[in-house]
Amino acid sequence: MIDYPLPVSRLSIDISTEDHQKLKAIAALKGQSIEDYVLGRALGDTPALDGMSEDQAFMALANFLEPRIEQARRGELSGKSLDEIRREECKRTGFRLLQSMSSDFLAAPEDL
């Protein structure tokens, strides 16, 4: 068991055995654990907050959001729905959404 210096939370998702094997293979090809691969994909361009005070974390978030806020102020808004944006991002990154009754899943590029 890993001894984390800070409190941690556990995230658990239900995926099929096939999807688990795909994630495991993709992570292995990249030389990463499944955890590192999934977190990297999910949090890729967010600022690292390790060891930051609350004020520092707030400033990092503000700096991260500033370009997006400026785009909105210039009227550069998207008319797309959240689902359209998600689908485009999955397509751009080589993954696609598989709809199920209760969850969204990612499918590997070979399934496209």
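What counts, and at which threshold
- Residues numbered from 1 in each chain as written.
- Predicted model: local features only at pLDDT ≥ 70, side-chain atom pairs only at ≥ 80, totals over all residues.
- Heavy atoms only, no water.
- Helix = DSSP H or I, 4+ residues; strand = E, 2+ residues; numbered from the N terminus.
- Contact = heavy atoms within 4.5 Å.
- Areas by Shrake-Rupley, 256 points an atom, 1.4 Å probe, with all protein chains shown as cover.
- Salt bridge = Lys/Arg side-chain N within 4 Å of Asp/Glu carboxyl O.
- Buried < 20%, exposed > 50% of the residue type's maximum accessible area, 1.4 Å probe, protein only.
- Polar contact = N/O pair within 3.5 Å; in protein donor to acceptor, adjacent residues only side chain to side chain.
- pLDDT = per-residue confidence, 0-100.
- Axes fitted to C-alpha atoms, helices over the stretch in contact; angles between N-to-C directions.
- Parallel < 35°, antiparallel > 145°, perpendicular 65-115°, else oblique.
- Nonpolar A, V, L, I, M, F, W, Y, C, P; charged D, E, K, R; others polar.

### As for the overall build of the protein
Helix and strand content of the protein: 4 helices and 2 strands. N-terminal to C-terminal, the α/β element order of the protein is α-α-α-α-β-β. Considering only intrachain contacts with a sequence separation of at least 6, the fraction spanning at least 24 residues in the protein is 22%. Accessible surface, the protein: about 9600 Å² in total, of which carbon and sulfur atoms supply 56%.

### Quick notes on the pattern of salt bridges
All chains considered together, the criterion is met by 3 salt bridges. Its salt-bridge partner being Lys22, residue Glu18 comes within 3.2 Å of it at the nearest N-O pair. In this pair, Glu18 and Lys22 are both assigned in helix α1 (residues 17-29), 4 residues apart and thus about one turn of the helix distant. On the basis of relative accessible area, Glu18 is assigned to the exposed category, the value being 54%. Lys22 sits in the buried class, given a relative accessible area of 15%.

### Examining the environment of Glu70
With respect to the element layout, Glu70 can be found in helix α3 (residues 54-73). Within polar-contact distance, the side chain of Glu70 engages the side chain of Arg73 at 2.9 Å.

### Points about the confidence of the model for the protein
Per-residue confidence for the protein averages 75 on the pLDDT scale, and 72% of its residues sit at or above 70. No element of the protein has a lower mean pLDDT than strand β2 (residues 104-107), at 46, and none a higher one than α1, at 90. With pLDDT under 50 throughout, residues 98-112 is counted as low confidence; its partners more than four residues away or in other chains account for 32 contacts.

### Re the packing of α1 against helix α2 (residues 34-43)
Between α1 and α2, the least distance of the axes is 9 Å, while the angle of their chain directions is 90°. When the axis of α1 is compared with that of α2, the two are roughly perpendicular. Together, His20, Leu23, Lys24, Ile26 and Ala27 of α1 and Ile34, Tyr37 and Val38 of α2 make up the contact between the two elements. Across the contact of α1 with α2, the residue classes break down as 6 nonpolar, 1 polar and 1 charged.

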